[in-house]
Amino acid sequence: QVQLVESGGGLVQPGGSLRLSCAASGSIFSIYAMGWYRQAPGKERELVANIIRGDLTNYADSVKGRFTISRDNAKNTVYLQMNSLKPEDTAVYYCRYRKTVRPQDSYWGQGTQVIVSS
C-alpha cells in the first residue's frame, strides 16, 4: 500500500504564495514520477507540474514561471512552490505518485484546497 499525505493548501490573496507538500510512504520501492494535478469546479483534472525519473520536469503553460516543483528523494516528498498566484489557480490540488509507467501503478492523494481570492 502507498499513502500520500498532502499539506500546504489554504486561502491566499492574488499575488501571494503557497507551498504544497506531498509525502509518500508505504511500499515505495521505486519512483517513476511524482507530480501535482488540479481540478477546479466544473473542470477536468489537469496536470500542473511533475518530475519524471527525478530530473525531468514538466509544467502546464499556465503556471510556467510562477510555480516550481521539487523533490526530496530521501523523504519521498514532492513540493510545489506557487508564486504570483491568480484567482484562476483556485482548485483542489492533488498529488500523484507513479511507481512505474503502468497506469495501475498510479496513486493519488486526497487533495488540498487552494483558494486565491481577495
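Since the structure is predicted, the reported quantities are computational estimates derived from the model, not experimental observations.

What about the sheet that holds strand 3 (residues 18-26)?
So, step 1. The four strands lie next to each other as 1-3-8-7, forming an open sheet whose pairing is antiparallel. Whereas interior strands pair on both sides, the edge strands pair on one side only; in this sheet they are strand 1 (2-7) and strand 7 (67-72). Taken pair by pair, the neighbouring strands of this sheet meet at an average axis angle of 15°, ignoring direction.
So, step 2. Inspection of the sheet shows strand 3 paired to strand 8 (residues 77-82) by six bridges, in the antiparallel sense. The partner of A23 across the bridge, within strand 8, is T77.

Focus: unusual backbone geometry
So, step 1. Even without a glycine there, the phi angle at N76 is positive, about 50°.
So, step 2. You will see that S84, though not glycine, has its phi angle at about 50°, which is positive.
So, step 3. Inspection of the secondary structure puts S84 in the loop between strand 8 and strand 9 (91-98).
So, step 4. On the basis of relative accessible area, S84 is assigned to the partly exposed category, the value being 41%.

Looking at the packing of aromatic side chains
So, step 1. For the structure on display, the rule yields two aromatic pairs.
So, step 2. Relative to W108, the ring of Y37 lies with its centre 5.0 Å away and its plane at 70°, an arrangement referred to as edge-to-face. One end of the pair, Y37, is in strand 4 (residues 33-39); the other, W108, is in strand 10 (residues 106-108), and 71 residues separate them in sequence.
So, step 3. Its relative accessible area of 14% is what places Y37 among the buried residues.
So, step 4. Residue placement shows R45 over the ring face of Y94; its charged tip is 3.7 Å from the ring centre.
So, step 5. One cation-aromatic arrangement involves R45 over W108; the distance from NZ or CZ to the ring centre is 4.6 Å.

Conventions used here
- Residues numbered from 1 in each chain as written.
- Predicted model: local features only at pLDDT ≥ 70, side-chain atom pairs only at ≥ 80, totals over all residues.
- Heavy atoms only, no water.
- Pairing = 2+ DSSP bridges.
- Helix = DSSP H or I, 4+ residues; strand = E, 2+ residues; numbered from the N terminus.
- Axes fitted to C-alpha atoms, helices over the stretch in contact; angles between N-to-C directions.
- Buried < 20%, exposed > 50% of the residue type's maximum accessible area, 1.4 Å probe, protein only.
- Phe/Tyr/Trp six-rings, centres within 6.5 Å; stacked < 30°, edge-to-face > 60°.
- Lys NZ or Arg CZ within 6 Å of the ring centre and 35° of its normal.

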